[in-house]
Amino acid sequence: AQKITQTQPGMFVQEKEAVTLDCTYDTSDPSYGLFWYKQPSSGEMIFLIYQGSYDQQNATEGRYSLNFQKARKSANLVISASQLGDSAMYFCAMRANSGGSNYKLTFGKGTLLTVNP
Amino acid sequence: NAGVMQNPRHLVRRRGQEARLRCSPMKGHSHVYWYRQLPEEGLKFMVYLQKENIIDESGMPKERFSAEFPKEGPSILRIQQVVRGDSAAYFCASSPEGWVAYGYTFGSGTRLTVV
């Protein structure tokens, strides 16, 4: 079974500063993928970034980077130069990359990020 | 190229009524996944369908919930005799195959309110 833990219910950051959103995971699958999604107040789920468990480098997508520490089972999202539009709920998710259920995502409970002007 | 389309965006039903949620996958996608988001929770997997087949319904409540993805038309998530606890956001995602290298594209969701 897979489990995602997001220990920060809410985070605040000043505009233009960087912020780290924590995510730890637990799985027995040898190959897996880690995802971050953004859910603004309008409600849609927006895919941000993906990290494969065997990827050698940490994933980056524009202002988003994923700080992947495999031994610690953590996959923290780093947002650089925060913008007011980054205020949203952020979800960490994972899935197995092999086996019979490799289509199924397991989500954490999310972290509400507020960017202050 | 339209994304995953869900309708309605908002749905209000009285206890005991039926709710029908529709999901049109992205063009060329024949795999559909439904997730439910209860208040202040992350999304939870409900069901995975291919055209005319249910592949995995392990996340579906045993009673009152059903899903279909016919040969023609959208995928439908049907909730019979709704109760207050069914109030949630229901999201649909689609893919061209059963495994996608990167993130699945979700629709904007249907927010069901049972009064």
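Attention here is on the structure that accompanies the text. (Residues numbered from 1 in each chain as written. Chains lettered and ligands numbered in written order. Predicted model: local features only at pLDDT ≥ 70, side-chain atom pairs only at ≥ 80, totals over all residues. Heavy atoms only, no water.)

### Here we look at the state of the cysteines
Keep this limit in mind: What counts as a disulfide here is a pair of cysteine sulfur atoms lying within 2.5 Å. Helix and strand labels come from DSSP, where a helix needs a run of H or I of at least four residues and a strand needs a run of E of at least two; each type is numbered from the N terminus. Buried means the residue's accessible area, taken with a 1.4 Å probe over protein chains only, is under 20% of the maximum for its type, while exposed means over 50%, and partly exposed covers the values in between.
In this structure the tally under the stated criterion is two disulfides over all chains. Put simply, Cys23 of chain A and Cys92 of chain A are joined by a disulfide, and their sulfur atoms are 2.0 Å apart. Where Cys23 of chain A bonds to Cys92 of chain A through sulfur, the torsion about that S-S bond is close to -65 degrees, and the disulfide is left-handed. Of this pair, Cys23 of chain A sits in the loop between strand 3 (19–21) and strand 4 (24–26) while Cys92 of chain A sits in strand 10 (residues 88–96), and the two are 69 residues apart along the sequence. Comparing Cys23 of chain A with Cys92 of chain A, the two get one shared label, buried. In this model Cys23 of chain B forms its disulfide with Cys92 of chain B; the gap between the sulfur atoms is 1.7 Å. The sign of the -50 degrees torsion about the S-S bond sets the Cys23 of chain B-Cys92 of chain B disulfide as left-handed.

### Some words on the side chain of Asp86 of chain A
Residues and elements named next belong to chain A. This is how it is decided: In protein, a polar contact means a hydrogen-donor-capable atom and an acceptor-capable atom, both N or O and within 3.5 Å, with residues adjacent in sequence counting only if both atoms are side-chain atoms; elsewhere, any N or O pair within 3.5 Å suffices. Contacts are residue-level and defined by heavy atoms, with any inter-residue pair within 4.5 Å sufficient.
Topologically, Asp86 is positioned in the loop between strand 9 (74–79) and strand 10. On the accessibility criterion, Asp86 (2% relative accessible area) is buried. Within the local environment of Asp86, its side chain forms a polar contact with the side chain of Arg63, the two groups lying 2.8 Å apart. If sequence neighbours within four positions are ignored, Asp86 has contacts with Lys38, Arg63, Tyr64, Ile79, Ala81, Leu113 and Val115.

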